[in-house]
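Overview (structure and organization)
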Amino acid sequence: MALKVYNSLTRRKEEFRPLHEGRVGMYVCGPTVYSDVHLGNIRTFVSFDVIYRYLLHLGYKVRYVRNITDVGHLEGDADTDAEDKISKRARLEQLEPMEIVQRYMNGFHEMMHRFNNLDPNIEPRATGHIIEQIQMVQDILDNGYAYVVNGSVYFDTKKFQDEKGVYGQLSGRNLEELMQESRDNLKNQQEKRHPADFAIWIKAAPEHLMRWPSPWSVGFPGWHLECSTMSTKYLGHTFDIHGGGNDLKFPHHENEIAQNIGACGQAPAKYWLHANMLLMNGKKMSKSDGNTITARQLFTGDSPHISKPYSAMVIRYFMLMAHYRSTLDISDRALQAAEKGYQKMMNYLRLLDEMQPAQFAAEATPAGEAIRRLIRETHEGMDDDFNTAVAIAKMHELGSYINKLHARQLDFSQITAETWDELKTLFRAFIGDVFGLRSEQEQADRDEQALETLMDIILQLRQKARAQKDWETSDKIRDALAKINIRIKDSKDGSTWERIA
RNA sequence: GGCGACGUGGCCGAGUGGCUAGGCACGGCUCUGCAAAAGCUGGUACAGCGGUUCGAGUCCGCUCGUCGCCUCCA
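Analysis parameters
Residues numbered from 1 in each chain as written. Chains lettered and ligands numbered in written order. Predicted model: local features only at pLDDT ≥ 70, side-chain atom pairs only at ≥ 80, totals over all residues. Heavy atoms only, no water. Core = buried A, V, L, I, M, F, W, Y, C linked by side-chain atoms within 4.5 Å. Buried < 20%, exposed > 50% of the residue type's maximum accessible area, 1.4 Å probe, protein only. Helix = DSSP H or I, 4+ residues; strand = E, 2+ residues; numbered from the N terminus. Contact = heavy atoms within 4.5 Å. pLDDT = per-residue confidence, 0-100. Phe/Tyr/Trp six-rings, centres within 6.5 Å; stacked < 30°, edge-to-face > 60°. Lys NZ or Arg CZ within 6 Å of the ring centre and 35° of its normal.

Digging into the nonpolar core
Membership of the largest hydrophobic core comes to 103 residues, with the highest contact counts inside it found for L39, I42, L55, F427 and F435. Element by element, the count of residues in this core is highest for helix 1 (residues 39–57), at 10 residues. Dropping the residues within four chain positions of it, F435 is found in contact with V50, R316, L320, M382, T388, A391, I392, M395 and F430. By size, the runner-up hydrophobic cluster in this structure holds 37 residues, among which are M136, F155, M179 and L225.

Here's what the structure looks like:
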């Protein structure tokens, strides 16, 4: 069965056919790094990570681009008295905007790794592509789909719609209605010709920290522009998959499409994929009414919403239990169920590796056929718009066979060697490569290994200091390590270390 | 107000008009020194009403309810 994906643009499942045989270009809207990454964000990135992983599993050569928004994302009344999210945070904390960006970008990366998301192939930043963005604004102006007012440049939505007729296609919106409705909250929008127009270059107010020279003013790019520019730069005018959270459909993605077509006449992506929201208590998480929980709180268990800590892998598994286009309601009970399910799943894999079968069946058997059918259905689940819920369900059914084989309730003479191999191959590939699940023990082992490597290096450096009678450095290292419960023991033969309880 | 999505057994959650989704929790049984794990097994769900159909959780309509987007949001 061929891979099918649900295309938000056509509102249908379509057979996936990449533009270039064997290759896939995928762009996913990344975070604006002005605060800690929120759990809902994490769900979206986990969803697209699995999509990326599955495409790789199918043998595609994928270029996965996920941006970092570090300028231009406004909050408040758009286009006028609005403030850039990063600038605002910088002002409040009295830091350089780039310090804010660096801090939260680091935190974002750490969290992505903790959830075992693969790194994208390219992670471009908006501030690193100002020149390209200015060029795109110029292209749009040259094509007549934008106009300059007082140093700011606005996209001419009405003209674009009159000539191209595609504005609103993705989000199912009618431009006429949009213009009507926005008339009520028109305040401070005198610069725009039409309420639905949006800024692509914004003249910076004197106190605005992030600013670049351009032909129109010293200013900064509009938020929607960066994705248009960077996807074009790294994936071409038209590429295969564009992803993001459901709430970005409008206006962000709608405007992105308008900009791309306005600049070069081509729509950016063939397939638009949108991940649904993560809910808590049946509602979208929101910081303002306390209906929120952070990943860190889940790890520590420090939240009134949960009874105990949950690991990143359990949370990842929990997310995979639902389809990415469905809303998912997080709760303590659901997480507990996920934890059990996750442990069970990892146990199947362990049993598969441990068992040493002898005496296979020579030819097809009913049990073997049932197993092979389930294996096929697992693949079909993923082929059907990345339905991880179905794939996991089928694997649990297969897991039951694995348990039976292990408990000798089903004998290896009931399946063929080939079936056994397929079963092993499936579990290894799906749990690790596709779902990106790893055992927490494995993680701990890896940390332990890293610690040993680090300690080797530290002891070598300290040994060098001691050889030079640099007692200050050597003692400093020993004292610092003692504080984190690592004891150094010096002897004639050199130094060793151990943990103290 | 406009656009859209959804309402599945105690909980989470799949579901292409006809065949047991799955996980968790709960009950019974097997195994077991005890426990756990595992296996077998049980409750017979699709918001309500009407329609289409030989047949609907799945299609259509209405009602009720929930949620999202429409301003920044993954």
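Focus: the confidence of the model for chain A
Should pLDDT be low for a region, the predicted coordinates there are not to be read in detail. Taken over all residues, the pLDDT of chain A has a mean of 89, while the share at 70 or more is 93%. Low pLDDT, under 50, characterises residues 183–188; the predicted model gives this stretch 3 contacts beyond four residues in sequence or across chains.

Details of the packing of aromatic side chains
Each aromatic ring pair is described using two quantities: the centre-to-centre distance and the angle formed by the ring planes. Under the definition given, this model contains 19 aromatic pairs. Measuring from centroid to centroid gives 6.4 Å for Y27 and F239, while their planes differ by 50°, and the two rings are tilted. Placement of Y27 in strand 3 (residues 23–28) and of F239 in strand 11 (residues 239–245) is noted, with a sequence separation of 212 residues between them. This pair shows no difference in class: Y27 is buried, exactly as F239 is. Consider the rings of W201 and W216, whose centres lie 6.1 Å apart with planes at 55°: the pair is tilted. Of this pair, W201 sits in strand 9 (residues 198–203) while W216 sits in the loop between strand 9 and strand 10 (219–221), placing them 15 residues apart in sequence. Across the pair, W216 and W201 agree in class, each one buried. An aromatic cluster of three or more residues is present, and its members are Y54, Y324, F386, F430 and F435. Just above the ring of F250 sits the side chain of R173; from NZ or CZ to the centre is 4.3 Å.

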